[in-house]
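# Observations on chain architecture
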Amino acid sequence: MHMRDYDLLEGDGPRAIAHGLVTEGWYRTPIPRAQMKALMQRADQPAIRDTLLLFGLMIAFAAAAVALMPSWWSAPFWLAYGVLYGSAMDSRWHECGHGTAFKTRWMNKFVYQIACFCMLRDPSCWKFSHARHHSDTVIVGRDPEVAIMRPVVALKVASNLVGVPDVVDGLRRLVAHASGRILPDEATYVEPVFHATVIRTARVWLAVYVAAIALAVATRSWIPVLLIGLPRLYGCWHMVICGWLQHGGLADNVLDHRLNSRTVYMNPVSRFIYWNMNYHVEHHMFPLVPYYRLPALHELCRADFPAPSGSMGEALAEMLPVLWRQRTNPDFHLRRPLPPTANPYQDGPEPSPAA
Amino acid sequence: MAQWIDACATDDIEAEDVIRFDHGPRTFIIVRDHADSYYCTDGLCTHENIHLSEGLVVEATIECPKHSSIFDCRTGEVETPPACENLHTYRTKVENGRVLVEV
Ligand code: FES
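What you are looking at is a predicted structure, and each value in this text was computed from that prediction instead of being measured. (Residues numbered from 1 in each chain as written. Chains lettered and ligands numbered in written order. Predicted model: local features only at pLDDT ≥ 70, side-chain atom pairs only at ≥ 80, totals over all residues. Heavy atoms only, no water.)

In this section: the packing of helix α13 (residues 237-247) of chain A against helix α18 (residues 312-326) of chain A. Residue and element names in this part refer to chain A. Contact geometry for α13 and α18: axes closest at 10 Å, N-to-C directions at 60 degrees. Between α13 and α18, the angle is such that the two are oblique. Note that α13 runs across α18; the crossing there is left-handed. Only M312, A315, L316 and M319 of α18 make contact with α13, whose side of the interface consists of H238, I241, C242, W244 and L245. (Axes fitted to C-alpha atoms, helices over the stretch in contact; angles between N-to-C directions. Helix = DSSP H or I, 4+ residues; strand = E, 2+ residues; numbered from the N terminus. Parallel < 35°, antiparallel > 145°, perpendicular 65-115°, else oblique. Left-handed = near helix turned anticlockwise from the far one by under 90°. Contact = heavy atoms within 4.5 Å.)

If you want it as structure tokens, here you go:
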């Protein structure tokens, strides 16, 4: 059994480098350049429409929730607001961080900053962290964004449904940054030229959080913190489930995203919240394709991909038993069959043992 | 010593597109912008050595296909992280329907 050490400083990183897993190459389904060029084209209209809808719904749900306080009738509106704040903002962070949502660059940057604040993710650190996640997807000791580490600790994974580990980590980093420190693991992937920006941002954010808490205390009301901060806890469950499905139960230490990522068909509400990142293999293989063109890309790739999961329920039913076994057997994972039309899997220089 | 090299025909590249051009051990990109001007830069992204020829050209910029850093092909300047280093650029000229680059 191969024990895994995910630490970016002292973990399995050197081993991954020695085994050729840290490389510029990654498997791509062959798609003619003309089609790829068309798929990469940006447009403002879909993202403006979705962003106006998102912010409009957040304002409407928050207004209804505040108006109904302190009645329990406000609860469904808080929950709806929370999911948009704590989950939809994750996908906005993601897509705008890639710069693919809008054609107009300042719009990506604007939404990215708001989404980063909601998700408690420093805009610069997470830009670099996510770049590393794309370079070294689920490479142990290299990828800073592994959602489910092995051996799986069920309680730790489940506690993320209410955001506890993420928020504790986010606050720890926020306080460190505000006090002028970049943490050693961040220093491995954040360019020094951005350190001053990280520190400045943390000081502004901390002031906003302190102001919200002070207002809550002064007015003896939960409303300020139910609007700012706490939704990251009570509304993140959708983001966490989608995050599990991205890579959970699949191979690690491979260079073919068909082996370590999952495409799942989802209902329209989840797709709006998640901004089509359910097409996750497609996204990793071709990160420049904006979310609104991923369904078209999916059609082009189908013959080369394992069959997508038919629903979130189906994907969870496939993944959860594997996670359960990974509590005691971290090497166990799913290897889904490819259609006969597909190119064979390219595990990489060191194929991991199949389940 | 720099010399002018015949890289491709002008119509080998669509408007707002890019091709890879290898010369000896070196790799470059030739970019045609929206106004039919041609540019040549290093072919590998300064962030992680990814071939830029699979990226997206918008006007006179190229976006890296891996992590979306955008470079100005006229100057090589990096406009968005995670890349922090500029690309080298090389002079180009068009003669008799051919794109020549000084490399
Ligand atoms: S390899 Fe080009 S931006 Fe990362």
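It is worth spelling out the sheet that holds strand β3 (residues 26-32) of chain B at this point. Strand order in the open sheet formed by four strands is β2-β3-β4-β8 (chain B), with antiparallel pairing between adjacent strands. Strand pairing shows two members of the sheet lacking a second neighbour, β2 (17-23) and β8 (89-90) of chain B, which therefore form its edges. (Pairing = 2+ DSSP bridges.)

Frequently, the measure chosen for interface size is the accessible area that the parts lose on association. With 20 residues of chain A at the contact, the number on the chain B side is 26 residues. Interface area for chain A against chain B, summed over the two sides, is near 2,100 Å², with a carbon-plus-sulfur share of 53%. Summed over the shared surface of chain A and chain B, the result is six salt bridges. Between R33 of chain A and D17 of chain B there is a salt bridge, and its shortest N-O distance comes to 2.6 Å. Our count for the contact surface shared by chain A and chain B stands at 14 residue pairs in polar contact (both at pLDDT 80 or more). For the side of chain A that touches chain B, the secondary-structure elements that each account for two or more residues are α2 (33-40) and α6 (123-135) of chain A. Counting residues per element, the side of chain A that touches chain B draws most heavily on α6 of chain A, at five residues. (Buried area = accessible area lost by both parts, 1.4 Å probe. Salt bridge = Lys/Arg side-chain N within 4 Å of Asp/Glu carboxyl O. Polar contact = N/O pair within 3.5 Å; in protein donor to acceptor, adjacent residues only side chain to side chain.)

All names here are of chain A. Looking at where L9 falls in the secondary structure, it is placed in the segment before α1 (13-18). Taking the relative accessible area as the measure of exposure, L9 reaches 45% and is therefore partly exposed. The spatial distance from the C-alpha of L9 to the C-alpha of H283 is 28 Å, given a sequence separation of 274 residues. (Buried < 20%, exposed > 50% of the residue type's maximum accessible area, 1.4 Å probe, protein only.)

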